[in-house]
Amino acid sequence: MAGEAPHLKVRNLTKSFYGVPAIDSVDFDLRGGEIHGLLGENGAGKSTLCSVLSGLYRPDSGTVSLDGEAVQFRSPQDASRHGVGMVYQHFRLVDSFTVAQNIVLGMHKKQRPRSMRQVESMVADLAEEFGLHVDPTASIWQLSVGEQQRVEILKQLFRGARILILDEPTAVLAAQETDRLFEAISTMVAKGHSVVLVSHKMAETMAYTDRITVLRRGVNAGSVTTASTTPAEVARMMFGDSNAAERTNYDAAQQVGEPMLSLSGVSVQGDHGLLAVDDATFTVRRGQIVGVAGVAGNGQRELQEVIAGLRSPVSGTIEIAGTNCTSAGPKQTAQAGLAYVPEDRLGVGLAPGLPLEHNIVLKSYDRSPHSRRGVLSDSAIEKTMNELVEKFDVRGNRSGMRVSLMSGGNLQKAILARELNEDHQVLLAAAPTRGLDMAAAEAVRSHIINERATRGVLVFSEDLDEIVKVSDVVLVMFKGRIVGSFASDELDLDEIGLLMTGSGAEIASTDTPTATSTRAGS
Amino acid sequence: MRNRLRVMPRGVTGPEVRFGVPLGALAFALLLGAIILAFAGNDPIEAYRTMFDSSLNGWKAQSRTLALATPLILTGLAAAVAFQMRVYNIGGEGQLYLGAIGASWVGLALPASTPTPLMLSAMLIVGALAGACWALLAAIPKAYFNADEIITTLMLNFIALSLMNWLIFGSRSFWRDPRRPVPGGKRLPESAIMPSISGRLHIGIIIAIVAAIFLWWLLRKTSWGFQIRTIGDSPRAARYAGMSVRRKTMAVLALSGALAAIAGVSEVSGVTKGLEPIALTSNIGFTGIIVAVVARSNPLGVVPVSIFLAAIATSGSRLQSIGIDVEVVFLLQGLIFLTVTAGEFFVTNTVSLAHPDTSATGSPPTSEIKAAI
C-alpha cells in the first residue's frame, strides 16, 4: 500500500453529450494525501467528471495526468490498474454472492488468489487495517447499507486503488455510520491515499475536506482551501451571485386570496422506510406562486406525490381548494382542482408509446364529450386535441405518432395543455423547465406566471435562479423538512444556498465542524 | 472502411408498411423454406402447390382450415388482450381445459331435451366463467403481490391438465363414460353440440369472429380499452391519471381466461363432443400465444393469422402424403413465425447505412449497431 501519494492533474477537460457540454474546459487537481470535496448542483457536471476520471467515459478533449505522467483510461478496469477506483452512490454488488466473491468479481485470474479462503483472509486484513469492518463470508443481502458501502470501498482498495472517488457516500447513511465512514477515510488518507468526496452537504464538506472544488454548469467555479473559506462563500460559488438572479417583472400589486393548497404537519414515509417528508406545513394562496428550492433527493418527489394523491401521508392533513384530500387518490385530487405537471414528463406525465390525442385526454377520457357511457368519441377527442395544440402551440405532432418522438418543450406544453383546464384551482409543477431550450423554458415559465393571476401555483425546481425569478414565496427543503421560508422582497440567496446544503446561520458563524448535526433550521 | 448501421424510429407507420413488411417477411420465409425443401430432396413448387390446394383452394379445403382456425382465433384473442396491457398470460392452454370441463358438465347435467340455443349459451357462460376463475388464480397474486404471471399461469396449465386427466383416467367422475372399455368422456347430447356449417366447420367460427370484432371495439373505442392501452404503455402514467392498475390486471386476466375457455367450449361442443383429454391437448392454447405475437396483439389481426397458421397445419398431412417429413412442416411454420416477428422491428424502425463522419449530425438515433462493412 505504500509508495508516493498520488497526484492527479486534470486540464481543460471537456465532455459533451449530443453537442451539449456536460463539463467544459475543467481544470482539477487532486493532491497526494488530501480529501478533496467536489460540490455542485444537480447537473453541474460532477458525475461526468468522476466518470471520466474513473474510465467510464472518454473525454472529448483535455488531459489527465497521474504523477506527472499523461494517462488515458480506456475502461474502469484500466483506471483501476492505474490505481483509481470509484464508489458509486448506487452500489454495484451481486446480492446473492458473498463479500469476498463480490470483491474479486471481474478480476482476472492472475490478479487474484486462487482460493476464496485466501481472498477472505486478505479482505479481513484489509478491513482491519482501514477500520472497514465487515464479514468477508457474509452474503450481500444480509448486510446493511453502510456495510455494503464498506464492501464497495474494500473492493477498490483490494484492487490497489490509491485514489478513491466517493459519489455522495453519506446520502444513504445514518449519522453513526457517517462518522465511521469518515474515520475510515482519514485512515486511508493517513496511509497515503487520496479521496475525492462528491457531496451536496455543506457541513460534512466543510468539516472533513482539505480543499473544495465547485462545479457550476459544467465549468470549474473555483477551487479553495477549506480552512480559508466559509460556507457562505462556497454556497455563492455553487448557486451564483445574489445579483445575478432577477425577478420577472409582474404586477406587484397582485392580490393574494384564499388558500388553494394547504398542508399541515404532513409527514411521508420514503421508499426506504425513513421519513422522506417531515412535518411539512405551508399554504399556497390564490394569486401566489410558492417555489420550493432544494437539492434533489431531499423529499421533493415524495412531497409532490403526496399532494397529488400518489402516496399517503403518515400524518398531517392536505386541503386542495377547500376539499380535504389527505388520503385521496390521484383522481380525487384532480377533481378537487389540482393540476399536476410531474417531474418525469415521459413515463408519468405522458404515456410515451401512445399518440398525442390519447395523452391529451389522459385525465378526461371518461367524461363527456370525450366519451359517453363508456364509449369514446374519436371526433370529440380530436377536436379537443386540435384546440389545445393551437392554444398551447404544441408542435411536431403527426397523426398517430407516439409522443416520445416529440421534443421536450413540446411534451411539456402538451402536459400543460392538458393540466391547465378550466376546472383547476392550483398548479403543482415539478422541474417544469428542466432540459428545455431557452425558448421553450420561457414559454413554460410564462404559462406558470399567467396562472398566478387567477389561481395558485406551487413550483419545485433545482434551479435556484428560476425559483427566485418566478416565486412570491420561496421555501427551502432539506432532508425532508421545510428549513426556510422567504417572501420575495426579503430574499437572501446566500442564506437560501446555505440552507439548501444543510447549513444554517449557526454553521456560517462558527468554524466548528459539526458534520452530523446538519438539521439546520429545525 | 467501417460503417455503421443507423437505426431510426419511424414516426408514423402507414398501411403500406404495416401490411407490406409482414408480406415481405412471408415471402422471405417461403423462399428460405424452398431452399430447405430442395435440400431435403423435395420439389418446392409442388410442395407449395399441395399446401395451397389442401388448405385454401376450394370450399372443402377452406372449411377444413377454418375449422382448425376457430379455437386458434379464440386463444389468440385471449393472449392478445392480455398482451395489450403487457400482462403475459401463458395459461391459455389450462384455461381452455377448464372451459371444456365446465361446458361439458353443463351439457351433461342439463336435460338432453334443453333447446340447443339455451344449452349452448349455458355452456358458453359456465365454460367462460370457469376459465376466468382459473385465470384469477394467477391474477390475484399478480395484482396484490406482483407475483410473476408468466410463471403462475404456466404452472396452472399443468394443474389443469392433471385435473382433466384425473376426471377421465383417474376417477369415476361425472364426466367419464363407464361403459367405454378405454376411458373416455360421456358423449354430449345432440342439443349440446354446435351446429355444423359444412363438414367439420361449426358455428364456433362465428363466435370467434364476433369475439374478435367485439374485442377490437372494446380496446379501441371504449374508455375501458383506453385504460388498458394506457396501462400497457406506462403503468406509472396510468396511476398518475388515476387508473386502478390492480383492478384492470384482474379484469384483463379474467377476460383473457374466459376467451381461452370459450375455445375449450367450442372444441368440446363442436369437435370432440365429450371431454376427451387426448383430443383436447393439441397445444391450441400455446399456439394462441404465437398467433397474438404475429398479429401484434391486434384482435382483428388475430383472425387472418390464425387462418394462416391453420392453413399450414391442415396442409401438413397432405405434405406428408407426397413424401415431406412432418418435421419439415414444423420447420416451415417456425420459419414463418420467426421472420414475421423479426419483421416487426422494421415496422417500427428504419435502418440505413451511415458513414462515420455523418453520424454525428442530426437527431440522436435510438441505437447504433457497429458493423464492419
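Residues numbered from 1 in each chain as written. Chains lettered and ligands numbered in written order. Predicted model: local features only at pLDDT ≥ 70, side-chain atom pairs only at ≥ 80, totals over all residues. Heavy atoms only, no water.

**Examining the packing of aromatic side chains**
To describe a pair of aromatic rings, one takes the distance between the centres and the angle between the planes.
And then number 1: Summed over all chains, the structure comprises seven aromatic pairs over all chains.
And then number 2: Here the aromatic rings of Phe345(B) and Phe346(B) are separated by 5.5 Å at their centres, their planes lie at 85°, and the arrangement is edge-to-face.
And then number 3: Relative accessible area serves as the criterion here: at 37%, Phe345(B) is assigned to the partly exposed category.
And then number 4: Of the residues examined, Phe346(B) reaches a relative accessible area of 43% and is grouped as partly exposed.
And then number 5: Note that Lys363(A) overlies the ring of Tyr240(B), its terminal NZ or CZ placed 4.0 Å from the centroid.
And then number 6: Cation over ring: Lys186(B) sits above Phe174(B), and NZ or CZ is 4.4 Å from the ring centre. (Phe/Tyr/Trp six-rings, centres within 6.5 Å; stacked < 30°, edge-to-face > 60°. Buried < 20%, exposed > 50% of the residue type's maximum accessible area, 1.4 Å probe, protein only. Lys NZ or Arg CZ within 6 Å of the ring centre and 35° of its normal.)

**Focus: the domain arrangement of chain B**
Residue and element names in this part refer to chain B.
And then number 1: Considered domain by domain, chain B is made up of domain 1 (1-42 + 324-373) and domain 2 (58-323).
And then number 2: The C-alpha-based centres of domain 1 and domain 2 are spaced at 32 Å.
And then number 3: Listed as interface residues are 15 residues of domain 1 and, on the opposing side, twelve residues of domain 2.
And then number 4: Carbon and sulfur atoms supply 72% of the area that domain 1 and domain 2 bury against each other, a total of about 1,200 Å² over both sides.
And then number 5: Of all residues in domain 1, the largest losses of buried area upon contact with domain 2 belong to Ile 324, Gln 333 and Phe 337, amounting jointly to 43% of the total for that side.
And then number 6: Counting across the domain 1 and domain 2 interface gives one residue pair in polar contact (both at pLDDT 80 or more).
And then number 7: Of all the secondary structure elements, the ones that give two or more residues to the side of domain 1 that touches domain 2 are helix H1 (15-39) and helix H14 (326-348).
And then number 8: If you tally residues by element for the side of domain 1 that touches domain 2, the top one is H14, at nine residues.
And then number 9: Among the residues forming the side of domain 1 that touches domain 2, the class breakdown is nine nonpolar, three polar and three charged. (Domains from an automatic or database assignment. Contact = heavy atoms within 4.5 Å. Buried area = accessible area lost by both parts, 1.4 Å probe. Polar contact = N/O pair within 3.5 Å; in protein donor to acceptor, adjacent residues only side chain to side chain. Helix = DSSP H or I, 4+ residues; strand = E, 2+ residues; numbered from the N terminus. Nonpolar A, V, L, I, M, F, W, Y, C, P; charged D, E, K, R; others polar.)

**Comments concerning the domain arrangement of chain A**
Residues and elements named next belong to chain A.
And then number 1: When cut into domains, chain A gives domain 1 (8-239), domain 2 (251-337 + 425-491) and domain 3 (345-422).
And then number 2: Computed from C-alpha atoms alone, the centre-to-centre distance between domain 2 and domain 3 is 24 Å.
And then number 3: At the junction of the two partners, domain 2 supplies 13 residues and domain 3 supplies twelve residues.
And then number 4: Taken together, both faces of the contact between domain 2 and domain 3 bury some 960 Å²; the carbon and sulfur share is 61%.
And then number 5: When residues of domain 2 are sorted by the area they lose upon contact with domain 3, Lys 331, Leu 436 and His 447 head the list and together hold 38% of the total.
And then number 6: Our enumeration of links across domain 2 and domain 3 arrives at one salt bridge.
And then number 7: Residue Lys 331 is joined to Asp 366 by a salt bridge in which the shortest nitrogen-to-oxygen separation is 2.8 Å.
And then number 8: Inspection of the region where domain 2 meets domain 3 yields four residue pairs in polar contact (both at pLDDT 80 or more).
And then number 9: At five residues, helix H14 (residues 438-451) tops the list of elements feeding residues into the side of domain 2 that touches domain 3.
And then number 10: The class makeup of the residues in the side of domain 2 that touches domain 3 is seven nonpolar, two polar and four charged. (Salt bridge = Lys/Arg side-chain N within 4 Å of Asp/Glu carboxyl O.)

**Details of the confidence of the model for chain B**
And then number 1: Here chain B shows a mean pLDDT of 88. Residues at 70 or above account for 93%.
And then number 2: Here strand S5 (residues 367-371) of chain B stands out as the element of chain B with the lowest mean pLDDT, 39, in contrast to helix H7 (residues 204-221) of chain B, whose mean of 97 is the highest. (pLDDT = per-residue confidence, 0-100.)

**Examining unusual backbone geometry**
And then number 1: In this model, Ser368(A) is joined to Pro369(A) through a cis peptide bond whose omega is 5°.
And then number 2: If you trace the backbone, Pro369(A) turns up in the loop between helix H11 (356-360) and strand S17 (371-372).
And then number 3: A positive phi angle, near 55°, is found at Asp393(A), a position not held by glycine.
And then number 4: Its place among the elements puts Asp393(A) in the loop between helix H12 (378-392) and helix H13 (408-419).
And then number 5: Residue Asp393(A) is classed as partly exposed on the basis of its relative accessible area of 33%.
And then number 6: Located in the positive-phi region is Lys273(B), a residue other than glycine, with phi close to 60°.
And then number 7: A relative accessible area of 24% means that Lys273(B) is categorised as partly exposed.

**Structural notes on the environment of Ile35(B)**
All names here are of chain B.
And then number 1: Along the polypeptide, Ile 35 turns up in helix H1.
And then number 2: Residue classification places Ile 35 among the partly exposed residues on the basis of a relative accessible area of 44%.
And then number 3: When the C-alpha atoms of Ile 35 and Thr 281 are compared, they prove to be 33 Å apart, with 246 residues separating the residues in sequence.

**A word on the packing of helix H5 (residues 116-145) of chain B against helix H6 (residues 149-170) of chain B**
Residues and elements named next belong to chain B.
And then number 1: For the pair H5 and H6, interaxial distance at closest approach is 9 Å and the crossing angle is 150°. Put simply, H5 runs roughly antiparallel to H6. Considering only the axes of H5 and H6, their crossing is right-handed. Here H5 contributes Trp 134, Leu 137, Ala 138 and Lys 142 to the contact with H6, which in turn contributes Glu 149, Thr 152, Thr 153, Leu 156, Ile 159 and Ala 160. (Axes fitted to C-alpha atoms, helices over the stretch in contact; angles between N-to-C directions. Parallel < 35°, antiparallel > 145°, perpendicular 65-115°, else oblique. Left-handed = near helix turned anticlockwise from the far one by under 90°.)

**As for the nonpolar core**
And then number 1: Membership of the largest hydrophobic core comes to 160 residues, with the highest contact counts inside it found for Leu261(A), Leu303(A), Ile307(A), Leu458(A), Met123(B) and Leu275(B).
And then number 2: Setting aside residues no more than four positions away along its own chain, Met123(B) makes contact with Ala103(B), Val106(B), Gly107(B), Leu188(B), Ala192(B), Val265(B) and Ser269(B).
And then number 3: Val104(A), Val119(A), Ala184(A) and Leu197(A) belong to the second largest nonpolar core, which has 34 residues in total. (Core = buried A, V, L, I, M, F, W, Y, C linked by side-chain atoms within 4.5 Å.)

**A word on the sheet that holds strand S10 (residues 219-225) of chain A**
Residue and element names in this part refer to chain A.
And then number 1: Reading across the sheet, the six strands line up as S6-S7-S8-S3-S9-S10 and stay open at both edges, with mixed pairing between neighbours. A single partner strand is all that each edge strand has here, and the edge strands are strand S6 (84-87) and S10. Going from strand to strand, the sheet's axes swing by 20° on average, the running direction of each strand aside.
And then number 2: Looking at chain direction, strand S9 (residues 211-216) and S10 are connected through six bridges and run antiparallel. Bridge assignment links Arg 211 to a residue of S10, and that residue is Thr 225.
And then number 3: Across the sheet, helix H5 (residues 145-158) touches S6 and strand S7 (163-167), and the angle it forms with S6 is around 170°.
And then number 4: Sitting on the sheet, helix H6 (residues 175-190) touches strand S3 (35-39), S7 and strand S8 (194-199), and the angle it makes with S8 is about 145°. (Pairing = 2+ DSSP bridges.)

**Remarks on helix H16 (residues 493-500) of chain A**
All names here are of chain A.
And then number 1: Burial analysis of H16 places seven of its eight residues in the buried class, which makes it a mostly covered element.
And then number 2: Within H16 the residues assigned to the buried category are Leu 493, Asp 494, Ile 496, Gly 497, Leu 498, Leu 499 and Met 500.
And then number 3: Once H16 ends, the next one or two residues include Gly 502, with phi positive near 85°.

**As for the interface of chain B and chain A**
And then number 1: The interface is formed by 23 residues belonging to chain B together with 34 residues belonging to chain A.
And then number 2: For the chain B and chain A pair, buried surface summed over both sides reaches about 2,400 Å², with 61% attributable to carbon and sulfur atoms.
And then number 3: Its largest share of buried area at the contact with chain A, chain B owes to Phe226(B), Asp233(B) and Tyr240(B), together 31% of the area lost on that side.
And then number 4: Our count for the chain B to chain A interface comes out at two salt bridges.
And then number 5: For the pair chain B and chain A, the number of links is 14 residue pairs in polar contact (both at pLDDT 80 or more).
And then number 6: If you list the elements that add at least two residues to the side of chain B that touches chain A, you get H7, helix H8 (223-233) and helix H9 (235-240) of chain B.
And then number 7: Per-element tally for the side of chain B that touches chain A: the top contributor is H8(B), with six residues.
And then number 8: Grouping the constituent residues of the side of chain B that touches chain A by class yields nine nonpolar, seven polar and seven charged.

**Here's the deal with the pattern of salt bridges**
Where side chains of opposite charge bring their charged atoms close, a pairing between them can arise.
And then number 1: Inspection of the entire model under this criterion finds 27 salt bridges over all chains.
And then number 2: Put simply, Glu302(A) and Arg301(A) hold a salt bridge, and the shortest N to O gap is 3.6 Å.
And then number 3: Given the relative accessible area of 11%, Glu302(A) is considered buried.
And then number 4: Taking relative accessible area as the criterion, Arg301(A) reaches 35% and is therefore assigned partly exposed.
And then number 5: Where Lys142(B) meets Glu149(B), a salt bridge forms, and the shortest distance between an N and an O atom there is 3.1 Å.
And then number 6: Put simply, Arg301(A), Glu302(A), Glu305(A) and Arg311(A) are held in one network by salt bridges that share partners.

**A look at the pairing of strand S19 (residues 426-430) of chain A**
Residues and elements named next belong to chain A.
And then number 1: The buried fraction of S19 is high, at five of five residues.
And then number 2: Burial of the side chains of S19 extends over both faces: Val 426, Leu 428 and Ala 430 are buried on one face and Leu 427 and Ala 429 on the other.
And then number 3: Two strands pair when backbone bridges link them, and strand S16 (residues 338-341) and S19 are joined in this way by four bridges, in the parallel orientation. Within S19, the residue paired with Ala 339 across the bridge is Leu 427.
And then number 4: Where S19 and strand S20 (residues 456-461) come together, five bridges link them in parallel fashion. Its bridge partner lying in S20, Ala 429 is registered against Val 459.
And then number 5: The handedness of the S19 to S20 crossover, carried by H14, is right-handed. (Right-handed = clockwise from strand over helix to strand, strands pointing away.)

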